[in-house]
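So you can see what is in the structure, the chains are spelled out below.
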Amino acid sequence: LLEVVIALGVSSVGLSAVCAMLIATAAGTYSLSQQATARWLSARLKAEWSLAPDADPERLATHGDPMVCDQQLACSPTAFMAGNYADWQRLVTRILPAGSGHICRDSTPGDGNPAEPACDGLGSLVIKVYWRPAGRAGADALRLTTVLET
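Each chain carries its own residue numbering, running from 1 in the written order of its sequence. Restriction of local features to residues with pLDDT of at least 70 applies here, the model being predicted, together with a cutoff of 80 or more for giving and counting side-chain atom pairs; totals for whole chains, interfaces and linings are based on all residues. Note: side-chain values were computed over all heavy atoms of the structure, leaving out hydrogens and water.

Peer 1: Explain the pairing of strand β1 (residues 100-106) to me, please; I cannot follow it from the model alone.
Peer 2: Regular strands have side chains that alternate between both faces of the sheet. A 1.4 Å probe rolled over the protein chains alone gives each residue an accessible area, and that area as a share of the maximum for its type sets the label: buried under 20%, exposed over 50%, partly exposed in between. Numbering of helices and strands runs from the N terminus, with a helix taken as a DSSP run of H or I at least four residues long and a strand as a DSSP run of E at least two residues long. The element β1 is largely enclosed, with a buried count of six among its seven residues. Strands are labelled as partners when DSSP assigns at least two bridges between them. Bridging between β1 and strand β2 (residues 124-131) involves seven bridges; their strand directions are antiparallel. Residue H102 lies in a different strand from β2, and its bridge partner there is K128.

Pasting the structure below:
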């Protein structure tokens, strides 16, 4: 009877370890999925930007009604990108947990956070995508930075 109790104890420890490994694998897979989603969102905006490279990134958020291009046959590059940028930002917010995204000129693209992307208006044109890892309350935001031009 003692041998059976010891065998059950050893088996339960082993099964607990297997469960812990499965949970860690699932969390790692989800984290990689979020990174892949951030890369896809960044690539999408980069592709859209290539259609209107003369757009002014500093004026996108303040350009006015982004629907103006839908109602006209011709519009400025900034007006064209304002609508696409607004749609892209809504998508980032909807898909990534606590997601936000910015496009700006920045001489130090590796800095910033969701509340303050730290764009200085100088240097390269960059896309910054931020999100918080799901299930980790209080964790620092993760960032993906894509440089469009140097």
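Additional details are given in the paragraphs that follow.
Peer 1: Looking at this model, I keep getting lost on helix α2 (residues 77-95). Mind explaining?
Peer 2: Since the α-helix packs 3.6 residues into each turn, any two residues three or four apart lie on the same face. Given a helix with a known number of residues, its expected span is that number minus one, times 1.5 Å. With 19 residues, α2 should reach 27 Å at 1.5 Å per residue; the first-to-last C-alpha distance of 27 Å fits that figure. All of the buried residues along α2 are T78, A79, M81, A82, G83, N84, Y85, A86, W88, L91 and V92.

Peer 1: When you look at the packing of aromatic side chains in this model, what are you seeing that I'm missing?
Peer 2: Working definition: rings of Phe, Tyr and Trp (its six-membered ring) pair if their centres are within 6.5 Å, and the pair is stacked with planes under 30 degrees apart, edge-to-face with planes over 60 apart, and tilted otherwise. Considering all chains together, one arrives at one aromatic pair under this definition. Both rings, one in Y85 and one in W88, keep their centres 6.0 Å apart while their planes meet at 15°; by these two values the pair is stacked. Separated by three residues within a single helix, Y85 and W88 lie in helix α2, roughly one turn from each other. Classification of Y85 by relative accessible area gives buried; the value is 6%. Judged by its relative accessible area of 0%, W88 falls in the buried class.

Peer 1: Would you mind going over the nonpolar core with me for this structure?
Peer 2: One broad rule of soluble globular proteins: the nonpolar side chains tend to lie buried together. W49, W88, I103 and V129 are the most contacted members of the largest nonpolar core, which totals 21 residues. Listing elements by their share of this core, those giving two or more residues are α1 (2-51), α2, β2 and β3 (142-149). When residues of this core are assigned to their parent elements, the largest contribution, six residues, is made by α2. Contact between two residues is taken to exist if any of their heavy atoms lie within 4.5 Å; hydrogens are not considered. Not counting residues up to four positions away in its chain, the partners in contact with W49 are A55, P57, L60, M81, I103, L125 and L148. Remark: nonpolar core denotes a set of buried residues (Ala, Val, Leu, Ile, Met, Phe, Trp, Tyr, Cys) joined through side-chain atoms within 4.5 Å.

Peer 1: Looking at this structure, how should I read the side chain of T37?
Peer 2: On the secondary structure map, T37 appears in helix α1. Any pair of N or O atoms that falls within 3.5 Å is considered a polar contact. Within protein, one atom must be able to donate a hydrogen and the other to accept it, and sequence-neighbouring residues count only if both atoms are side-chain atoms. At 2.9 Å, the side chain of T37 forms a polar contact with the backbone oxygen of S33.

Peer 1: Just checking my understanding: could you explain the state of the cysteines for this structure?
Peer 2: Each disulfide is one covalent bond, formed between the sulfur atoms of two cysteines. By definition, disulfides here are pairs of cysteine sulfur atoms that lie within 2.5 Å. This structure, assessed with the given rule, holds one disulfide. For C104, the disulfide goes to C119, at an S-S distance of 1.9 Å. Across the S-S bond linking C104 and C119, the dihedral sits near -55°, which makes this disulfide left-handed. Taken together, the residues C104 in strand β1 and C119 in the loop between β1 and β2 connect sequence positions 15 residues apart. Relative accessible area serves as the criterion here: at 4%, C104 is assigned to the buried category. Its relative accessible area of 29% is what places C119 among the partly exposed residues.

Peer 1: Looking at this structure, I do not really get unusual backbone geometry. What am I missing?
Peer 2: With the exception of glycine, the majority of residues adopt a negative phi angle, and the majority of peptide bonds are in the trans configuration. Backbone geometry places A98, a non-glycine residue, at a positive phi of 55°. Positive phi, normally seen in glycine, also occurs at A118, with a value near 60°. As for its position among the elements, A118 is in the loop between β1 and β2.

Peer 1: Looking at this model, I keep getting lost on the environment of S100. Mind explaining?
Peer 2: Relative to the helices and strands, S100 is located in strand β1. On a C-alpha basis, the gap between S100 and Q89 in space is 6.7 Å, while along the polypeptide they are eleven residues apart. For S100, the contacting residues outside a window of four places in its chain are V92, P114, K128, V129 and Y130.

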